[in-house]
Amino acid sequence: MAILYQKEKRIFTIHTKNSTYQMQADAHDRLLHLYYGRHTEGEMDYLLIFRDRGFCGNPPDLGNDRTYSLADLPQEFPTQGTGDFRSPACELETADGRYGCDLKFDSYTITEGKYSLPGLPAVYAGKEEAQTLKIVLRDPAVPVRVELYYGVLPDLDIITRAACIVNEGKERIWLNRALSASIDIASGDYDLVSFWGHHGLERNFQRVPVTHTEQTLQSRRGMSSHQFNPFCILAEKDTTETSGSCWAMQMLYSGGSMAVAAKDPFGSTRFQMGVAAYEFRYPLEAGESFHTPEAVMSYSREGFSALSIHLADCIRQHVIRGSWKGKVTPVLLNSWEAFYFNFDGEKLLRLGSEAKSLGVDLLVLDDGWFSNRSDDNSSLGDWTVNEKKLGMSMQELVRRIHDMGLKFGLWVEPEMVSENSDLYRSHPDYALRTPGREPVRSRNQLVLDFSRREVVDHIFDALCAVLDGTGIDYIKWDYNRSIVDIYSAGRETGRVLYDYILGLYDLLDRIGKRYPAMLIEGCSGGGGRFDAGMMYYTRQTWCSDNTDAIDRLKIQYGTSFGYPADVMGAHVSIVPNEQNGRITPLRTRGITAMPGTFGYELDPSKLSEAEKKEIRAQIRMRNQDADLIFHGDYRRLSSPFTDPVTAWSITAKDGSRVILSAVKTALEFDAQQYVRLAGLTPDAWYRREEDGVLFAANALMEAGFPLPAQKGDYTAYEWHFTRVDARA
Ligand code: GLA
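Residues numbered from 1 in each chain as written. Predicted model: local features only at pLDDT ≥ 70, side-chain atom pairs only at ≥ 80, totals over all residues. Heavy atoms only, no water.

**Student:** So what about the packing of aromatic side chains? Which residues, and what values?
**Tutor:** Per the stated rule, a full pass over the model turns up 43 aromatic pairs. Between the aromatic rings of Trp 336 and Tyr 340, the centroid separation amounts to 4.9 Å while the plane-to-plane angle is 75°, which identifies the pairing as edge-to-face. A residue is classified by how much of its surface remains accessible, and Tyr 340, at 29% relative accessible area, is partly exposed. Pairwise contacts between aromatic rings join Phe 195, Phe 205, Phe 231, Phe 304, Phe 530, Tyr 557, Phe 561, Tyr 563 and Phe 641 into one cluster. Positioned over the ring face of Tyr 115 is Lys 114, at 3.4 Å from the centre of the ring. (Phe/Tyr/Trp six-rings, centres within 6.5 Å; stacked < 30°, edge-to-face > 60°. Buried < 20%, exposed > 50% of the residue type's maximum accessible area, 1.4 Å probe, protein only. Lys NZ or Arg CZ within 6 Å of the ring centre and 35° of its normal.)

**Student:** If you had to explain the site of the ligand to someone new, which residues and values would you point to?
**Tutor:** For the ligand, the set of nearby residues contains 13 residues, the closest of which are Asp 366, Asp 367, Lys 476, Gly 526 and Asp 545. Between the ligand and Lys 476, the relevant distance is 2.7 Å, taken from an oxygen atom to a side-chain nitrogen or oxygen of the residue. One of the side-chain nitrogen or oxygen atoms of Asn 480 is found 3.3 Å away from an oxygen atom of the ligand. Here the ligand, which alone exposes 310 Å², has 97% of that area covered by the protein. (Near = heavy atom within 4 Å. Polar contact = N/O pair within 3.5 Å; in protein donor to acceptor, adjacent residues only side chain to side chain. Areas by Shrake-Rupley, 256 points an atom, 1.4 Å probe, with all protein chains shown as cover.)

**Student:** Describe helix α5 (residues 394–403), listing the residues and the values that go with them.
**Tutor:** Where α5 is concerned, the buried positions are Met 394, Leu 397, Val 398 and Ile 401. Mapping the buried residues of α5 onto a view down its axis gives an arc of 95°, with all of them on the same face. Residues of α5 that are buried sit in contact with α3 (345–358), β22 (362–365), α4 (387–390) and β23 (407–412). The first or second residue beyond α5 is Gly 405, which carries a positive phi of 90°. (Helix = DSSP H or I, 4+ residues; strand = E, 2+ residues; numbered from the N terminus. Arc of directions from axis to C-beta. Contact = heavy atoms within 4.5 Å.)

**Student:** Which residues make up the side chain of Lys 664, and what values go with them?
**Tutor:** Among the secondary structure elements, Lys 664 is positioned in strand β34 (residues 657–664). Lys 664 has contacts with Pro 644, Val 645, Gln 673, Leu 707, Pro 708, Ala 709, Gln 710, Tyr 714, Thr 715 and Tyr 717, leaving out every residue within four places of it along the chain.

**Student:** I'd love a proper account of unusual backbone geometry, names of residues and values included.
**Tutor:** Of the consecutive residues Val 575 and Pro 576, the connecting peptide bond is found in the cis state with omega at -10°. One can find Pro 576 in the loop between β30 (571–573) and α11 (586–593). Despite not being glycine, Ser 225 shows a phi value in the positive range, around 85°. Inspection of the secondary structure puts Ser 225 in the loop between β13 (215–218) and β14 (231–236).

**Student:** Got a sec to walk through the environment of Ala 699? Specific residues and values, please.
**Tutor:** Here Ala 699 is to be found in helix α13 (residues 697–702). Using a relative accessible area of 38% as the deciding quantity, one classes Ala 699 as partly exposed. For the pair Ala 699 and Asp 96, spaced 603 residues apart in sequence, the C-alpha to C-alpha distance is 70 Å.

**Student:** Before we move on, could you go through the sheet that holds strand β39 (residues 716–724) and cite the residues and values that matter?
**Tutor:** The strand order β32-β33-β34-β39-β36-β37 describes an open sheet built from 6 strands, whose pairing is antiparallel. Each having just a single partner strand, β32 (633–636) and β37 (694–696) make up the two edges of the open sheet. Across the sheet, the mean angle separating the axes of adjacent strands is 25° when strand polarity is ignored. Here strand β36 (residues 685–688) pairs with β39 via 4 bridges, running antiparallel. Bridge pairing in β39 links Tyr 686 to Arg 723. Sheet strands touched by helix α10 (residues 549–560): β32, β33 (645–651) and β34. Its angle to β32, the strand with the most contacts, is close to 115°. (Pairing = 2+ DSSP bridges. Axes fitted to C-alpha atoms, helices over the stretch in contact; angles between N-to-C directions.)

**Student:** Report on the side chain of Thr 94, specifying residues and quantitative values.
**Tutor:** By secondary structure assignment, the location of Thr 94 is in strand β5 (residues 90–94). Note on Thr 94: relative accessible area 5%, which makes it buried.

**Student:** Which residues make up α11, and what values go with them?
**Tutor:** Among the 8 residues that make up α11, 7 are buried, leaving the element largely enclosed by the rest of the structure. Here α11 has its buried residues at Leu 586, Thr 588, Arg 589, Gly 590, Ile 591, Thr 592 and Ala 593.

**Student:** Break down the pairing of β14 for me, with residues and values.
**Tutor:** Summarising burial for β14: 5 of the 6 residues are buried, a large majority. Here strand β11 (residues 190–198) runs beside β14; their pairing, made up of 4 bridges, is antiparallel. By the bridge assignment, Val 193 is partnered in β14 with Ile 233. Summarising the sheet, β14 and strand β15 (residues 246–252) pair through 5 bridges and their orientation is antiparallel. Residue pairing for β15: Leu 234 is matched across the bridge by Trp 247.

Quick look at the structure:
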């Protein structure tokens, strides 16, 4: 049993393979957090400290007891207005102007299987794989019911959380904040690891101490964003890739999220995640409920690599759905960097035939195929095929590509509208705009109001009109700006951003159901919506518009902390790189893209014969290693932010085979670099396939081995190791 209830003390214990989570509905009916950490036994209410502390208020139902204060007790779902002055998980306001609520334990249920959330992505699992704990809290004074949901996947060390807030009264209430998860850790010093970025350089690793200054990381953009990925780690000071405690929180949400971390004056640390508070004021009429998006939590006492592997497995097995789940996805060639907007049908057919001769499986036609779109200033929203530009119908183009033995994919940006479009001219109200003000433009486009059902319906019909009957195998679902003008006629502004995301998920769900065999790649100016919420609908996600291999080392390093390698869209492009002008060897570009979904972003007709030969070899190698890449454990072996060599490995779950990759980013004359492996079967022997040399696993993990000396910038290495039964 993963979830236990101890009746006398009303203690809930959640066990996973390697972790334990505990909370108590105490004698005063408050739900207190007791513990989250390494697997342990017994009741831990002895950790609670009751002390009369100055300026720490006491709940009215405790009479004169000054030793009980929610200002310092650890809580499970802290609310405003109870005397806890730390960051709340929930803030609400009643129609008669009362703020806050004081939630008391009401009841609980434990069920087999995993709960789901209406209209929102959620981790899913079978009855034999997961359990759900639901705890109901109520406030006797404010007619509100809060249901806390805990999903447990014991084998993966995953605990999920979500809350549902129900207005049980007759008047409207407003939620001013409704986070998904909050934990209080009684003692210790921690770091907060987060992933910041911008367009073209997403998910940079940042590690800062958690102090008494409350840190709030937030996307105010209506999207998960390049700037703040909705995934954070709390780590002990000495936690490394292979040792030490760390706790992850990851949102299954594609709108703006926030994280809060702070040490309180008495030394405990609060760590929270949920929907961004920015422009959030959600009205609930009598009987209505609000579901927070889901937060996935995991704990590891073996450092970051183990934590990343838990999260990657959870996404691979319990978030990604559909016919591409667990399968190796096709090697693709995308037309964007090859042609940008400058193509016609014949050019695309030539591109297809070149791609085929290299061993590519899927040709993707990127932006520019519809309406009058010849640059990025017009036509978004008008999803009609520009047959004049193509010189043929979409059906014909797809058929001719299929005839070459290639799959065919198409770029779309369904949530956007250009002012220069028929859609905008006929329905200006379909765009998010603040009345009386010119909208803020970004890439000269506006965002459609997906909080409105009729707008989503219109785009659904338009997309179906293009896709139906064509046999298109793949779409790239792009999203190229942030939301600024948050206003939707007839709808309270404080609900628009959340309702927008429900509209997006509804559309993605309908498209997924209508085209069940289709592979969908998420994209947002590269990796601006690289979140686990999107992964419920899209099998893979374009990682960044920056295809430079050296910048990619950082982007993919950061991304790998929270997401499996095989969802990362990673392509080889030409040099000098189109984004930053850097020149890197083709081998380095191939090795860097290899752990991702893999593909090309170039025009093969501009390549030399030698380059084409090398690309054919890269694709052969990728296909040979694909099973390991798509199902193995990815480990970071060094950091592109601090080390002269960036190395990583992918190890089969049973440890039988390993791919080791390394890229030198610093060129220091005569400096010798070593790479140390991790995650091998201890005490075993491994043979390096490239040259047959035999190594002891412990030696590879402890001492590593030297990288060969090689002249030139950005040299890259890849080796394969196979475990052998005995030394002989
Ligand atoms: C975004 C994407 C690119 C490309 C362009 C097309 O920037 O990230 O890959 O599809 O849009 O306009």
